[in-house]
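This is what each chain is made of:
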Amino acid sequence: MSDHALSSAPGSARARIPSVPGVAVALVGLSVLFAVASPGFLTAGNLSNILVQSVILLLLALPMTLIIMTEGLDLSMGAVLTLASLVLALIVVATQSLMLGLAGALCVGLAFGLTNGWLVASLGIPPFVATLGTLGAAQGLALIVSDGQSVVGIPRFVRLVYSGEVAGIPNPILIGAGFYALFHVLLYHTRFGTYICALGGNREALTLAGVKWKRLLISVYMLGGAMAGVAALLMTARMNAGHPTAAIGMEFDAIAAVALGGTSFEKGNGWIFGTLMGVLTVGVLRNGLNLMAVPSSVQVACIGVLVIFALFLDGMRSKKS
Amino acid sequence: MSLAGDISAGTPRIHLSKDMQQLIYRLLAAGLLCVALSVATDAFFTTNNILNVLRQASLLFFLASGLTLVILTGGLDLSVGANIGLSACLAATVIKATGSPALGTLTGLATGCAIGVCNGLMVAKLRIPSFIATYGMLWVLHGLTYYYMAGETIHGFPPGFRQIGSGYFLGIPIPVYLMIGFLIAGTVFAQRTVWGQQIYAIGANPVAARLTGIPVDRRLILVYAFSGAMAGVASIVFLARLNSAEGDIGEAMTLPAIAAVLIGGASLFGGVGSVFGTFVGALILTLVLNGMNLLAVNSSWQPLVTGVIVIFAVWLDMIGRKRS
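The name given to chain B in an unreviewed UniProt entry is Ribose transport system permease protein, with Xanthobacter flavus as the source organism. According to the UniProt record, the Subcellular location (unreviewed entry) comment for chain B reads "Cell membrane".

On a plain count of helices and strands, chain B comes out with 13 helices and 4 strands. Scaling as 2.2 N^0.38, a compact globule of 324 residues should have a C-alpha radius of gyration of about 20 Å, and chain B matches this with 19 Å. Taking the principal axes of its C-alpha atoms as reference, chain B extends roughly 55 × 50 × 35 Å. The buried share of chain B, reckoned over its 324 residues, is 54%. Sequence separation of at least 24 residues holds for 80% of the intrachain contacts in chain B that already meet a minimum separation of 6.

A count of helical and extended segments in chain A gives 14 helices and 2 strands. Taking 321 residues into account, the globule formula puts the C-alpha radius of gyration at 20 Å, and chain A, at 19 Å, falls close to it. When its C-alpha atoms are laid out on the principal axes, chain A stretches across 55 × 45 × 40 Å. When burial is assessed residue by residue, chain A has 54% of its 321 residues classed as buried. In chain A, once contacts between residues fewer than 6 apart in sequence are set aside, the share between residues at least 24 apart is 79%.

Bringing the UniProt feature "transmembrane region" (unreviewed entry) in chain B into the picture now. Residues and elements named next belong to chain B. This chain's UniProt record puts "transmembrane region" (unreviewed entry) on residues 23–45, 57–76, 102–124, 131–148, 168–190, 220–240, 276–295 and 301–319. With 78% helix and 0% strand, residues 23–45 has its two end C-alpha atoms placed 24 Å apart. This span, residues 131–148, is 100% helix and 0% strand, and a straight line between its end C-alpha atoms measures 25 Å.

Before going further, it helps to examine the interface of chain A and chain B. Taken together, the contact pairs 34 residues of chain A with 32 residues of chain B. Sorting elements by how many residues they give to the side of chain A that touches chain B places helix α6 (residues 127–146) of chain A first, with 14 residues. A per-class count over the side of chain A that touches chain B returns 25 nonpolar, 9 polar and no charged.

Quick look at helix α4 (residues 101–124) of chain B now. With 24 residues, α4(B) should reach 34 Å at 1.5 Å per residue; the first-to-last C-alpha distance of 34 Å fits that figure. Of all 24 residues that make up α4(B), 17 are buried, and the element is covered over most of its length.

Right, let's get into the environment of A:Leu57. All names here are of chain A. With respect to the secondary-structure elements, Leu 57 resides in helix α3 (residues 44–69). Put simply, Leu 57 and Ala 228 are 171 residues apart on the chain and 9.8 Å apart in space, counted from C-alpha to C-alpha. Setting aside anything within four residues of it in sequence, one finds Leu 57 in contact with Asp 253, Ala 254, Ala 257, Val 279, Val 282 and Gly 283.

Attention now moves to the nonpolar core. Nonpolar side chains in soluble globular proteins tend to end up buried together. Counting residues in each nonpolar core, the largest one holds 218 residues, and the members touching the most others are A:Leu60, A:Ala231, B:Leu63 and B:Val310. Considering every element that reaches this core, the biggest residue donor is helix α10 (residues 216–242) of chain B, with 17 residues. When near neighbours in sequence (up to four residues on either side) are disregarded, A:Leu60 contacts A:Met77, A:Met227, A:Ala228, A:Ala231, A:Met250, A:Glu251 and A:Ala254.

With that settled, consider the confidence of the model for chain A. All names here are of chain A. With 92% of its residues at a pLDDT of 70 or more, chain A has an overall mean of 86. Per-element confidence in chain A is highest for helix α5 (residues 98–122), whose mean pLDDT is 95, and lowest for helix α1 (residues 2–15), whose mean pLDDT is 41. Predicted confidence for residues 1–15 stays below pLDDT 50, and this span has 11 contacts to residues more than four positions away or in other chains.

To continue, consider helix α2 (residues 22–37) of chain A. Residues and elements named next belong to chain A. Given a rise of 1.5 Å per residue, 16 residues ought to cover 22 Å, and the 22 Å separating the end C-alpha atoms of α2 matches this to within 8%. Of the residues making up α2, those classed as buried are Val 23, Ala 26, Leu 27, Ser 31 and Phe 34. Angularly, the buried residues of α2 cover 125 degrees about the axis, an arc narrow enough to put them on a single face. With respect to the buried face of α2, the exposed residues turned more than 90 degrees away are Val 25, Val 32 and Val 36. Contacts from the buried residues of α2 go to α12 (250–260) and α13 (272–291).

This paragraph deals with the packing of α4(B) against helix α5 (residues 130–149) of chain B. Residue and element names in this part refer to chain B. It is at 9 Å that the axes of α4 and α5 come closest, and there the two elements cross at 145 degrees. Relative to α5, the crossing made by α4 is right-handed. Contacts from Ile 115, Cys 118, Asn 119, Met 122 and Val 123 of α4 reach α5 at Ser 130, Ala 133, Thr 134, Met 137 and Leu 141. For the contact of α4 with α5, the class distribution of residues is 7 nonpolar, 3 polar and no charged.

Let us now look at the environment of A:Gly140. Residue position: A:Gly140 is located in helix α6. Each C-alpha atom of the pair A:Gly140 and A:Met239 lies 21 Å from the other, and the pair is 99 residues apart in sequence. Those residues in contact with A:Gly140 that lie beyond four places of it in its chain are B:Ser300, B:Trp301, B:Gln302, B:Pro303, B:Leu304 and B:Gly307.

What follows covers unusual backbone geometry. Residues and elements named next belong to chain A. The phi dihedral of Glu 71 falls on the positive side, at around 60 degrees, and the residue is not glycine. With respect to the helices and strands, the residue Glu 71 is situated in the loop between α3 and α4 (77–95). The phi dihedral of Ala 167 falls on the positive side, at around 50 degrees, and the residue is not glycine. Examined against the element boundaries, Ala 167 turns out to sit in the loop between β1 (165–166) and β2 (169–170). Residue Ala 167 is classed as exposed on the basis of its C-beta count, with 5 C-beta atoms lying within 10 Å.

Before going further, it helps to spend a moment on the confidence of the model for chain B. Residues and elements named next belong to chain B. The predicted model of chain B has a mean per-residue pLDDT of 86, with 94% of residues at 70 or higher. A low-confidence stretch, residues 1–14 stays under pLDDT 50, and its non-local contacts, those more than four residues away or across chains, total 20 contacts. Across the assembled chains, the prediction reports ipTM 0.81 with pTM 0.85.

In this section: the environment of B:Leu126. Tracing the chain through its elements places B:Leu126 in the loop between α4 and α5. Among the residues examined, B:Leu126 registers 15 C-beta atoms within 10 Å and is labelled partly exposed. C-alpha of B:Leu126 to C-alpha of B:Gly167: the two residues are 41 residues apart in sequence and 43 Å apart in space. For B:Leu126, the contacting residues outside a window of four places in its chain are A:Phe312, A:Gly315 and B:Leu121.

Cut-offs and rules
- Residues numbered from 1 in each chain as written.
- Chains lettered and ligands numbered in written order.
- Predicted model: local features only at pLDDT ≥ 70, side-chain atom pairs only at ≥ 80, totals over all residues.
- UniProt positions renumbered as here; feature names shortened; annotations may be inferred.
- Helix = DSSP H or I, 4+ residues; strand = E, 2+ residues; numbered from the N terminus.
- Rg over C-alpha atoms; globule rule 2.2 N^0.38 Å.
- Buried ≥ 20, exposed ≤ 12 C-beta atoms within 10 Å, placed from the backbone.
- Contact = placed C-beta atoms within 7 Å.
- Nonpolar A, V, L, I, M, F, W, Y, C, P; charged D, E, K, R; others polar.
- Expected span 1.5 Å × (residues − 1).
- Core = buried A, V, L, I, M, F, W, Y, C linked by C-beta atoms within 7 Å.
- pLDDT = per-residue confidence, 0-100.
- Arc of directions from axis to C-beta.
- Axes fitted to C-alpha atoms, helices over the stretch in contact; angles between N-to-C directions.
- Left-handed = near helix turned anticlockwise from the far one by under 90°.

Here it is as structure tokens:
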């Protein structure tokens, strides 16, 4: 009986997809706009560039989708990514071992994820404040471990993680595609995913069903931390350095992508393909504005306005239903 | 209206007795910190350092007092730090262009207030959760400020204007007088006026507040406008103190301001807290950071310590709520 209920739940999660995916309209509209406005936009080189550059953001936005579906938020992701990247860089430079460095970055991510999850699930602290506190902690630690300096001298084999390719496809795209598939399966085809829908939509039901939802919620935040660790590897390889302010504010792009993608902050409705389109929308917006020589400060302001607009639409939708 | 009046007459008595107890604990904590720091370093208990602590606390208090009202309604304003940035830079431009500090001050206050009204409209009318609406606003403001300043610095203001931030009257820094003024005004507003009590009522139970006929939307907009205007005040004092404006001015102030409010005993769930509590909170946080400075702790530790304090303060509040 319960098995039947569980297996039907992924279907109902899909049924909650917003009827008009506004993000698709935004993505296509922006692409057409930039294709007309700047001749360099619609070239194979530039399009593949957008995909490659969006991967780090995708790695953060995927777990952020799950976290937001639990009516949570993780403001510390950018700072944790920065700290993990510094730790990875320091370890790799010292030991010349990519595996040790990645393990260090994952440990940093998991430790912060565990802390976030514990604060939110066990202590019941509102997620936006708990993760704002850990943001401060991670930012401080990043300054402390790096002494405010960049970590340079990253070996070539680390850079290859980002710049290499397999069968003509750049590594970052393969990594991004792999994790996208993983999260899709995780959310729609496993019990874990069903529980995540319930964490945001109906926590009461989980308790009644005997699920230990606190442990579940902690694991969602840990997944976010771990993904920040993975993203730290790509970030370090891309920048060829560890920098104490490298990814500050990146969580905003991730939250923006998730919000644009139609995941709701209030009812546990999430859509992983929407997040992918949200990530691409942010990527296209940044790339197109870059080509038009719009400064990155204005890009941030544009994304801010887009997010507020997306949330407004989300509010309208939930009012109607 | 009379119904709202009845309720507001009843609430302060309940709040005050509980609040008083909490406040005494916090004052004791501040006192203990002072004693500990006096013992630990010779540099602490000097007139110069005490005045320095008060002046730093005043900057934090301006920001935190407006934020207190927002948190009283159960909301949060994450844009206050970024608000300082844009308000300060626009005020600096006007002072430079017109040579009139009064016009510049007015610009700073108006900018802060306008940003606050935008926040209030998003929260009250568009029904966007406050933390995410003001978080979006934070990045919009950052972007605008950086674009506007384009990496430039504006510096060198008239000496009369700089007095606001670095001047003294009867041996006490002028920002401290401002702080005392806003402390009294804020406390009277929150505890002794109908509007102030309605703000408590909204935070304690928004549905009941609406049903008793309190114009919830208008009060919410008012509260966010206050928070923005106080960020404007902070930007002017900051500007006068630093004698220069940069794009990242005030960026690191949001977390300490939230920390001050929460240390002061306000609850993130609304309805509990006071402007005086926030004053004590700002004092405690400044004492901690000042003590770290005097003990030669690297300033990189400050965001970490502030973050931990925020979490600890919320946790204490949660424990208190569970008991009652």
